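Next come the chains, spelled out residue by residue.
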Amino acid sequence: GGLYHYFPTKRDLVLHGLRPEALLRCCQDFHAQFDQLAFTDPQRYIDEGINVVVEQVGFCRPAIHAAMELGAESFWETIETLLSSTSLDFEVNLRRVVPAASDEELHRCGRAIRRTICAALLDKSIKTDELRDELGMLVTGHVSRVC
């Protein structure tokens, strides 16, 4: 009964992982905990960002699959918001790690990250460690190309 206090319907409960408020809360928690690293240790900030993205994928994935089955109208809008904000955040923070990178190079890395996250959200077989490694390799590969 307590769940219905927070989630009026089963649909609200199942789709909670896609609600902008839930996603925003995770971002706020990350920034509150790690923002200082953006200036003192940008590489660790990126690494921690990858960890948060991996956790978010695990949090959102069940709701995404439920939304596809339920035909939730806001499914693609939510996915677009999640992917765009995450890839943009990586681009901004990669600028701190690799100040010599061009905007195009950063944007290409952001798009690669976006594709990897999208695949992980839709593919139930992608494991947490595998996603973390793939994101790390993407960032490392793009950084090494510029340096």
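In case you missed it, the structure is sitting above this.
Just so it is clear, the structure is predicted and the values come from calculations on it, not from any experiment. (Residues numbered from 1 in each chain as written. Predicted model: local features only at pLDDT ≥ 70, side-chain atom pairs only at ≥ 80, totals over all residues. Heavy atoms only, no water.)

## Here we look at the overall build of the protein chain
Assigned secondary structure in the protein chain consists of eight helices and zero strands. Secondary structure of the protein chain in N-to-C order comes out as α-α-α-α-α-α-α-α. Taking 147 residues into account, the globule formula puts the C-alpha radius of gyration at 15 Å, and the protein chain, at 16 Å, falls close to it. Its C-alpha atoms give the protein chain principal-axis dimensions of about 55 × 30 × 25 Å. Buried residues in the protein chain amount to 40% of all 147 residues. Nonlocal contacts in the protein chain, meaning residues at least 24 apart in sequence, comprise 69% of its contacts between residues at least 6 apart. When the accessible surface of the protein chain is split by element, carbon and sulfur atoms take 57% of a total near 8,700 Å². Here the protein chain holds 16 positive side-chain charges and 22 negative ones, and the gap between their average locations is 2 Å. (Helix = DSSP H or I, 4+ residues; strand = E, 2+ residues; numbered from the N terminus. Rg over C-alpha atoms; globule rule 2.2 N^0.38 Å. Buried < 20%, exposed > 50% of the residue type's maximum accessible area, 1.4 Å probe, protein only. Contact = heavy atoms within 4.5 Å. Areas by Shrake-Rupley, 256 points an atom, 1.4 Å probe, with all protein chains shown as cover. Lys, Arg positive; Asp, Glu negative; His and termini not counted. Charge placed at Lys NZ, Arg CZ, Asp CG, Glu CD.)

## Considerations on the side chain of Thr116
For Thr116, the position within the fold is in helix α7 (residues 103-122). For Thr116, a relative accessible area of 13% translates into the label buried. Only 3.0 Å separates the side chain of Thr116 from the backbone oxygen of Ala112, close enough to count as a polar contact. Leaving out residues up to four positions away in the same chain, Thr116 has contacts with Leu131, Glu134, Leu135 and Leu138. (Polar contact = N/O pair within 3.5 Å; in protein donor to acceptor, adjacent residues only side chain to side chain.)

## Some words on the nonpolar core
Ranked by internal contacts, the top residues of the largest apolar core, which has 34 residues, are Ile113, Ile117, Leu121, Leu135 and Val139. Breaking this core down by element, the ones donating at least two residues are α5 (42-70), α6 (75-97), α7 and α8 (128-146). The greatest single-element share of this core, amounting to ten residues, is contributed by α5. In contact with Leu121, not counting residues within four places along its chain, are Val57, Cys60, Arg61, Ile64, His65, Ile79, Leu82 and Leu83. Listed in part, the seven residues of the second largest apolar core include Phe30, Ala38, Tyr45 and Val52. (Core = buried A, V, L, I, M, F, W, Y, C linked by side-chain atoms within 4.5 Å.)

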